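# Summary of the model geometry
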Amino acid sequence: MKKVLIQKNMLESFLFVSFLFFSIIGILNHEMWRDELQAWMLARDSHSLTNLLQNMKFEGHPALWHTCLYLISRFTHNPLSMQILHWVISSSCVYLIIKHSPFSLLHKFLLSSSYYLLYEYTIISRSYSLAILLSFLFCILHRQKKLKYLSIVFILVTLANVNAYAFLISIALLIFLISEGLENSQKYSRISITTHLSGVIILTAGWGIAAWQMVRSRLFLPPLAITSAYPKTLAQASLSDSHLGRLEIEKIGRTIVRIWESYVPIPPPAQPQFWNLNILTQLSLPQPIGSTPTKIITLLLAISLFLTCIYLFRKQTTVKILYIFGTAIIGLFQVFIHNNPAIRHSGHLFIILILCAWLSLDIDAPTNKTEAGKIQQTNKDHRLLNSFLTVILVTQTIAGIYAISIDYLYPYSAGKAAAAFLRNNDLNKKLMIGVSGYLNEPIYYIDRKELGTFWKIRPPDRSQKTRRRMAISTTTQQTKSDPNKTAILLLSKPIDFTSQLTKNDINITQLAIFNQTIVKEEELYLYLA
């Protein structure tokens, strides 16, 4: 028995070290994109925590992640420090899975290599891994025989202050605790009224702080910007308008499909620009078949996955409630509030599934000999759940290995290469109009008409063509005011040199093209004006 335990510990240690090795290689090779660098530069260039909160007015997220970045940016301005911090957080998530989760060794390996834990929430430095870490800590605390009530409350409050989706998971976990208390009141009977009241006050205050930071982005927007940034949703729609009603039904269907995309995030093969794509939803069938059958098949698969999970959790009422409520609240959020979410957002559906599986497997099997039938039935239910997890996690692992491999072979963003080009050619001190977070130099924001390093306001909803025209027009104004002044244009689309604007108003020379990126919008075209 002791030998088996030693072998198990050795295998778990090898699994964890392997994750550390491959993930740090991925982190060091990854070129951060604008969303990653926006958070870093916002935190780095805020001169106080109060100023940080003010600068975050239009971010739409609570400030916990930005506060962490603010603290480390007091010691270094190198954006690599953010990536290292994120790597430590995501590695901690994997450590908790390997050392403290009830999953089998196979599932620990597959989960550690899954698309979200290996790539999306590790290689790309955002706040999501912090939310996963807190969610896993909740599962560990919940398993303990002596309930640490205030510690769990602290976890829920901290979780709600990470990002909007973490806030939803925090709500779902509270519903889980409430349903558990109603089903098994004895577990919570030892908690004093004072402790209960303290927990309610702390939770209410923490949620209130998080909610305020998220909704204030709308409160400070002018009416026109709100209409542009937040299109009409189902709550505002008049279903008497058949066209609008059809669009909203399609939106609901698209939200349901995200269950499939979240659980089975395999991208199309042999395609460098794989991010946010799914092998099935991107499948193009020949005419006259078209794409409708593919959409229907994907929708049916998503519904089947959802119903299968409900069946697997049917014996644990509290876990079933967590799964249904957690999945539903994320779906409703995407229908009514968060339009066009990306795979990193829908990935929280997968996290809900993992949390439910963790909690379900953690339920103690009956030990009384008179309950042998229950033990047998529990083991059967666990085998079904484990079989389902194996299928899902195998597809996740395929997607994770594919994603990290493509990220190693191709640049995720052109920002780092463009910044190196400008520095090597002594062009980084010139007036720059566009975006590139690796420059460590202020650039000119055409919407704000001032120099800066990060967005302070939500930019108006303009097409790429309009923004290019504005950039050229702004460059014309800046250079005409001083004949000796030159500017660098950093654009995500090439300039049309046949247009009247570029013909007559300004002399523009192409400097470099960086267009082999994983994210299409992160291509950069450099021009000297």
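What counts, and where the lines are drawn
- Residues numbered from 1 in each chain as written.
- Predicted model: local features only at pLDDT ≥ 70, side-chain atom pairs only at ≥ 80, totals over all residues.
- Heavy atoms only, no water.
- Helix = DSSP H or I, 4+ residues; strand = E, 2+ residues; numbered from the N terminus.
- Buried < 20%, exposed > 50% of the residue type's maximum accessible area, 1.4 Å probe, protein only.
- Contact = heavy atoms within 4.5 Å.
- Areas by Shrake-Rupley, 256 points an atom, 1.4 Å probe, with all protein chains shown as cover.
- pLDDT = per-residue confidence, 0-100.
- Core = buried A, V, L, I, M, F, W, Y, C linked by side-chain atoms within 4.5 Å.
- Salt bridge = Lys/Arg side-chain N within 4 Å of Asp/Glu carboxyl O.
- Phe/Tyr/Trp six-rings, centres within 6.5 Å; stacked < 30°, edge-to-face > 60°.
- Polar contact = N/O pair within 3.5 Å; in protein donor to acceptor, adjacent residues only side chain to side chain.
- Disulfide = S-S within 2.5 Å.
- Expected span 1.5 Å × (residues − 1).
- Axes fitted to C-alpha atoms, helices over the stretch in contact; angles between N-to-C directions.
- Parallel < 35°, antiparallel > 145°, perpendicular 65-115°, else oblique.
- Left-handed = near helix turned anticlockwise from the far one by under 90°.
- Nonpolar A, V, L, I, M, F, W, Y, C, P; charged D, E, K, R; others polar.
- Patch = residues over 30% accessible without salt bridge, like charges linked within 9 Å, V, L, I, M, F, W, Y side chains within 5 Å.

Turning our attention to the overall build of the protein. A tally of regular secondary structure across the protein gives 20 helices and 6 strands. Out of the 529 residues belonging to the protein, those deemed buried represent 51%. For the protein, long-range pairs separated by at least 24 residues make up 70% of all intrachain contacts whose partners lie at least 6 apart in sequence. Carbon and sulfur atoms make up 63% of the accessible area of the protein, which amounts to about 25400 Å² in all.

For the protein, per-residue confidence averages 83 on the pLDDT scale, and residues scoring 70 or more make up 76% of the total. Low pLDDT (under 50) marks residues 223–240, which in the prediction has 29 contacts with non-local residues, meaning those over four places away or in another chain. Counting contacts from residues 285–290, a segment whose pLDDT is below 50, to residues more than four positions away or on other chains yields 3 contacts.

What follows covers the nonpolar core. In terms of nonpolar packing, the biggest core is built from 121 residues, with Y115, Y119, F136, Y263, W275 and F350 touching the most fellow members. Setting aside residues up to four positions removed in sequence, F350 forms contacts with L111, S114, Y116, S262, Y263, I392, L393 and Q396.

Applying the stated criterion across every chain, the model contains 10 salt bridges. The closest approach of N and O atoms between D35 and R126, which form a salt bridge, is 3.5 Å. On the criterion of sequence distance, the pair formed by D35 in helix α2 (residues 34–44) and R126 in the loop between α7 (115–120) and α8 (128–143) is long-range, its members being 91 residues apart. The partly exposed category is assigned to D35, whose relative accessible area is 24%. Here D45 and R44 are joined by a salt bridge, their closest N and O atoms 2.9 Å apart. D45 sits in the partly exposed class, given a relative accessible area of 29%. Of the residues examined, R44 reaches a relative accessible area of 7% and is grouped as buried. The structure contains a network of salt bridges with shared partners spanning K8, E12, K99 and K108.

Relative to the elements of secondary structure, R44 occurs in helix α2. For the pair R44 and H77, spaced 33 residues apart in sequence, the C-alpha separation works out to 6.8 Å.

Both the distance between ring centres and the angle between the ring planes are used here to describe each pair of aromatic rings. Taken as a whole and judged by the stated rule, the model has 19 aromatic pairs. Arranged with centres 5.4 Å apart and planes meeting at 35°, the rings of Y116 and Y121 form a pair that is tilted. Taken individually, Y116 and Y121 each receive the classification buried, so the pair is uniform in this respect. Counting every residue linked through ring pairs, the aromatic cluster contains Y115, Y116, Y119, Y121, Y128, F274, F350 and Y402.

Here we take up the environment of N276. Take N276: it is sitting in the loop between α13 (242–263) and α14 (292–312). Looking at N276, the relative accessible area reads 34%, which means it is partly exposed. Sequence-wise, N276 and P341 are 65 residues apart; in three dimensions their C-alpha atoms are separated by 9.6 Å. If near-sequence neighbours (up to four positions away) are discounted, N276 is found in contact with A342 and I343. Of note is the side chain of N276, whose polar atom sits 2.9 Å from the backbone nitrogen of I343.

By secondary structure assignment, the location of S91 is in helix α5 (residues 80–100). Taking the relative accessible area as the measure of exposure, S91 reaches 5% and is therefore buried. Within polar-contact distance, the side chain of S91 engages the backbone oxygen of W87 at 2.7 Å.

Right, let's talk about the state of the cysteines for a bit. For the structure on display, the rule yields 0 disulfides. Of the cysteine sulfurs around C139, a residue in no disulfide, the closest is that of C356, at 8.7 Å. C139 sits in the buried class, given a relative accessible area of 0%. C309 takes part in no disulfide bond, and the closest cysteine sulfur to it belongs to C356, at a distance of 8.3 Å.

With that settled, the discussion passes to helix α9 (residues 149–160). Its 12 residues place the ends of α9 17 Å apart at the C-alpha level, agreeing with the 16 Å of an ideal helix rising 1.5 Å per residue. Of all 12 residues in α9, 9 are buried, a share of seventy percent or more. Regarding α9, the residues found buried are Y149, I152, V153, I155, L156, V157, T158, L159 and A160.

What follows deals with the packing of α5 against α8. As a packed pair, α5 and α8 sit with axes 9 Å apart at the nearest point and diverge in direction by 30°. Classed by the angle they form, the pair α5 and α8 counts as roughly parallel. The way α5 lies across α8 gives a crossing that is left-handed. Contacts from H86, I89, S90, S92, C93, L96, I97 and H100 of α5 reach α8 at S129, L130, I132, L133, F136, L137, I140 and R143.

Unlike most non-glycine residues, N276 shows phi in positive territory, near 70°. Of note, N340 is a non-glycine position whose phi angle comes to about 55°, a positive value. Structurally, N340 can be placed in the loop between α15 (317–336) and α16 (343–362).

Our next topic: the packing of helix α1 (residues 2–29) against α5. Running from amino to carboxyl end, α1 crosses α5 at an angle of 160°, the nearest separation of the two axes being 10 Å. For the element pair α1 / α5, the angle class is roughly antiparallel. Here α1 and α5 pass one another in a crossing that is right-handed. Across the interface between the two elements, N9, E12, S13, L15, F16, F19, L20, S23, I24, I27 and L28 from α1 touch L80, Q83, I84, W87, S90, S91, V94, Y95, I98 and K99 from α5. Of the residues belonging to the contact of α1 with α5, the class tally is 13 nonpolar, 6 polar and 2 charged.

Together, F21, F22, I25, Y408 and L409 make up an exposed nonpolar region whose accessible area comes to about 560 Å². A total of 3 residues in the nonpolar patch trace back to one element, the largest contributor, which is α1. For F21, the location among the structural elements is in helix α1.

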